[in-house]
Amino acid sequence: MSETITPPRSPGASTPPAPSSPSPGHPVPPSPWLAALAIVPVLATVYQTLVLTDVTDDVIRKGIQGDPYDKVWVSLTWGAAILYGVFLGVWGMARYGQRATVSVGLALFAAGNLLCGAAQDVPGMAAARVVEGLGKGLTMALGRAMLYRQFDRAGLAAIGFYALFAYATRPVTPLLTALVNDALSWRWIFWVNVPIALFGLVLVQRFVRPDRPARPVRLRLDWLAVTLLVAWVVCLLFTFSWYRKWGGWSSNAFALTATLSLIVPIVLVVRVAGGFSPDEHLRRIFRVRTYVLPMCVRMLLLVHLGAVLGLMAKYLVELRDYPRVTAGGVLVPASLGMALSSFLTIRFHRRPLRHVWLLAGVLGSAGCLWRLSAIDLFTAKEDVALMLGVWGLFVGLLPPAFLTDEVEALDRRDSLYGAALAVVFLVVPLLTIPTMMSTVVSEWSDRALDAQRMNLREERPAVGEATARVADYYRQRGVSGPELSQLSGAALGASAKLESAVHGVRSGLRFLSLVTGGVGLVVTVLLFLSPARGPQP
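Below: a short report on this structure. No experiment lies behind these values; they were computed from the predicted model shown. (Residues numbered from 1 in each chain as written. Predicted model: local features only at pLDDT ≥ 70, side-chain atom pairs only at ≥ 80, totals over all residues. Heavy atoms only, no water.)

1. Topic: the packing of aromatic side chains
Part 1 of the argument: Evaluation of the coordinates by the stated rule reveals eight aromatic pairs.
Part 2 of the argument: Members of the aromatic cluster, each reached through a chain of ring pairs, are Tyr 47, Tyr 162 and Tyr 167.
Part 3 of the argument: When the ring centre of Phe 348 is taken as reference, the NZ or CZ atom of Arg 347 above it lies at 5.2 Å.
Part 4 of the argument: Positioned above the aromatic ring of Trp 370, the side-chain terminus of Arg 510 is 5.8 Å from the ring centre. (Phe/Tyr/Trp six-rings, centres within 6.5 Å; stacked < 30°, edge-to-face > 60°. Lys NZ or Arg CZ within 6 Å of the ring centre and 35° of its normal.)

Structure representation (structure tokens):
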């Protein structure tokens, strides 16, 4: 996605250029932990948005008067803005430095959240998400690298800090948003991020070392290729998300969108491959594999966090009818499990064992999802919380492994090439796997409901007994005549819908178990086969 990079040093150098001398107004902090604490507000806001509204999603959707399919437009504008923001962050880092670029990202993120909280309808929320997404992309592209730079050679401490605060805290976010929603309103879910992000901006300016290059790097990005990537993501999003929308598609429109989903990536490959020979592409792909494969592990982690927590939040709030705060509390043990396993893996770090722990995390988390798929309408919330806690123990093994692999030196000549490949391997599965899971949930729910209706129509003995018990319940409360039959039938129909929906949730969890386990196993094997390299000086 790039054309040329002109670094201010020898082309073969693998370490970043030395930062410029700090100005008198911004002294170098005596300890890297001051800079790390300055980044905590960034991790507490920008990095939590993936699961921010899992428990309160329906409240926000009703607040902007949208239906579930209208959410696609919001996700579309947000995702496209994040992609552009990531590449803008890379461009801004080379010209203005990491600290200045992250500061701009935090300002945009704060402004976007202010607009999100003030949105009155779906178009307003979509426009606000553009601003927020740009800020998120700018910050995400550089936040981790900026944190690592503060620790210099104490990379393991930076990895542990990032793993705990950026990932292990995410299952707690739905509980916090539920508390904010109950105490104030859904708008404050976005507005509370504004002062925290601005506070983080002040701390970053005060405690993070200046790094503006003395000679800005000439970095040219192929924005047409970036736009083609965004267009591909848009086509995939509509193809997978809207094909079930009643009245939302004509056959010609769906066929055109699905066809573009196949054609646009071919055009993108032709565009990117135009400047290199096939042999050069193969050499570059082979060189950047130690960066792309860990990004695939990061993708697995984000799929686990986004899809599993979102599906369980729907199960707890919509099917079990738990209060939102209670539902958020059930998700918290996952955070405790992640924090514990990540901390122990970092504390007793053994580099040769990192892929062994990765394999244990991949297979263990997939097995936990299969066990979790046994839930029904009568599973105690304590049992669900325990299963999520065990799942979190295994998921917490993923961040130390891929964060350690990502600090492997990447030749600067291949940095944007590797980043572009990593974005594809990160974004496309994040878009398609949760959408496919939602399709599995809907399809199996519909099948189960059809089977339930057939059972009710066939008047089997068990159905007759259930009808008699329901009728007796209403009869004891003084209901009789046609009203008794109507209420009894409605109760049985509602029960059938709930049972069918739970069956769909179980099918979705099994689908996630198979997909994450299979993909994770392939990626882990490829990492095992890659030659191990220590951190570069």
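On we go.
2. Quick notes on the packing of helix α3 (residues 71-96) against helix α4 (residues 98-118)
Helix packing geometry: the angle between the two helix axes and the distance between the axes.
Part 1 of the argument: At a closest axis distance of 7 Å, the pairing of α3 and α4 adopts a crossing angle of 135 degrees. Classified by the angle between their axes, α3 and α4 sit oblique to one another. Considering only the axes of α3 and α4, their crossing is right-handed. Within the contact between the two elements, α3 uses Gly 89, Gly 92, Met 93 and Tyr 96 and α4 uses Gln 98, Ala 100 and Thr 101.
Part 2 of the argument: By residue class, the composition of the contact of α3 with α4 is three nonpolar, four polar and no charged. (Axes fitted to C-alpha atoms, helices over the stretch in contact; angles between N-to-C directions. Helix = DSSP H or I, 4+ residues; strand = E, 2+ residues; numbered from the N terminus. Parallel < 35°, antiparallel > 145°, perpendicular 65-115°, else oblique. Left-handed = near helix turned anticlockwise from the far one by under 90°. Contact = heavy atoms within 4.5 Å. Nonpolar A, V, L, I, M, F, W, Y, C, P; charged D, E, K, R; others polar.)

3. With respect to unusual backbone geometry
As a rule of thumb, non-glycine residues mostly have phi less than zero, and peptide bonds are mostly trans rather than cis.
Part 1 of the argument: In this structure, Asp 321 is a non-glycine residue whose phi angle is positive, near 60 degrees.
Part 2 of the argument: Its place among the elements puts Asp 321 in the loop between α13 (289-319) and α14 (324-347).
Part 3 of the argument: Asp 321 sits in the exposed class, given a relative accessible area of 64%. (Buried < 20%, exposed > 50% of the residue type's maximum accessible area, 1.4 Å probe, protein only.)

4. Quick notes on a nonpolar patch on the surface
Part 1 of the argument: A cluster of nonpolar residues, Leu 353, Val 356, Trp 357, Leu 363, Leu 521, Val 522, Val 525, Leu 526, Phe 528 and Leu 529, forms a patch on the protein surface that exposes about 890 Å² of accessible area.
Part 2 of the argument: Looking at the nonpolar patch, the elements that each hand over two or more residues are α15 (354-372) and α20 (482-529).
Part 3 of the argument: Counting residues per element, the nonpolar patch draws most heavily on α20, which supplies six residues.
Part 4 of the argument: With respect to the helices and strands, Phe 528 occurs in helix α20. (Patch = residues over 30% accessible without salt bridge, like charges linked within 9 Å, V, L, I, M, F, W, Y side chains within 5 Å. Areas by Shrake-Rupley, 256 points an atom, 1.4 Å probe, with all protein chains shown as cover. Salt bridge = Lys/Arg side-chain N within 4 Å of Asp/Glu carboxyl O.)

5. What to know about helix α5 (residues 122-151)
Part 1 of the argument: Here α5 contains 30 residues, and its C-alpha end-to-end distance of 43 Å stays within 8% of the 44 Å for a straight helix at 1.5 Å per residue.
Part 2 of the argument: Taking the largest bend as the criterion, α5 deviates by roughly 35 degrees, centred on Gly 143.
Part 3 of the argument: Across the 30 residues that make up α5, a large majority, 21, are buried.
Part 4 of the argument: Its side-chain oxygen placed 2.8 Å from the backbone nitrogen of Gly 124, Asp 121 serves as the N-cap of α5. (Expected span 1.5 Å × (residues − 1). Bend = angle between axes of the 7 residues up to and from the residue. Polar contact = N/O pair within 3.5 Å; in protein donor to acceptor, adjacent residues only side chain to side chain.)

6. Comments concerning the nonpolar core
Part 1 of the argument: Counting 91 residues, the largest nonpolar core has Tyr 162, Tyr 167, Met 312, Tyr 315, Ile 375, Leu 388 and Trp 391 as the members making the most contacts within it.
Part 2 of the argument: Residue contacts for Ile 375: discarding those within four places in its chain leaves Met 312, Tyr 315, Val 384, Met 387, Val 502, Val 505, Arg 506 and Leu 509.
Part 3 of the argument: In terms of nonpolar packing, the next biggest core, distinct from the first, is built from 23 residues, Ala 80, Leu 221, Trp 232 and Leu 268 among them. (Core = buried A, V, L, I, M, F, W, Y, C linked by side-chain atoms within 4.5 Å.)

7. Some details on the environment of Val 325
Part 1 of the argument: Inspection of the secondary structure assignment puts Val 325 in helix α14.
Part 2 of the argument: In this structure the C-alpha to C-alpha distance between Val 325 and Thr 177, which are 148 residues apart in sequence, comes to 8.6 Å.

8. Description of the pattern of salt bridges
Part 1 of the argument: One pass over the structure, following the stated rule, counts three salt bridges.
Part 2 of the argument: In this structure, Glu 132 engages Arg 129 in a salt bridge whose closest nitrogen and oxygen atoms are separated by 2.7 Å. In this pair, Glu 132 and Arg 129 are both assigned in helix α5, three residues apart and thus about one turn of the helix distant.
Part 3 of the argument: The exposure class assigned to Glu 132 is buried, which follows from its relative accessible area of 0%.
Part 4 of the argument: The buried category is assigned to Arg 129, whose relative accessible area is 12%.

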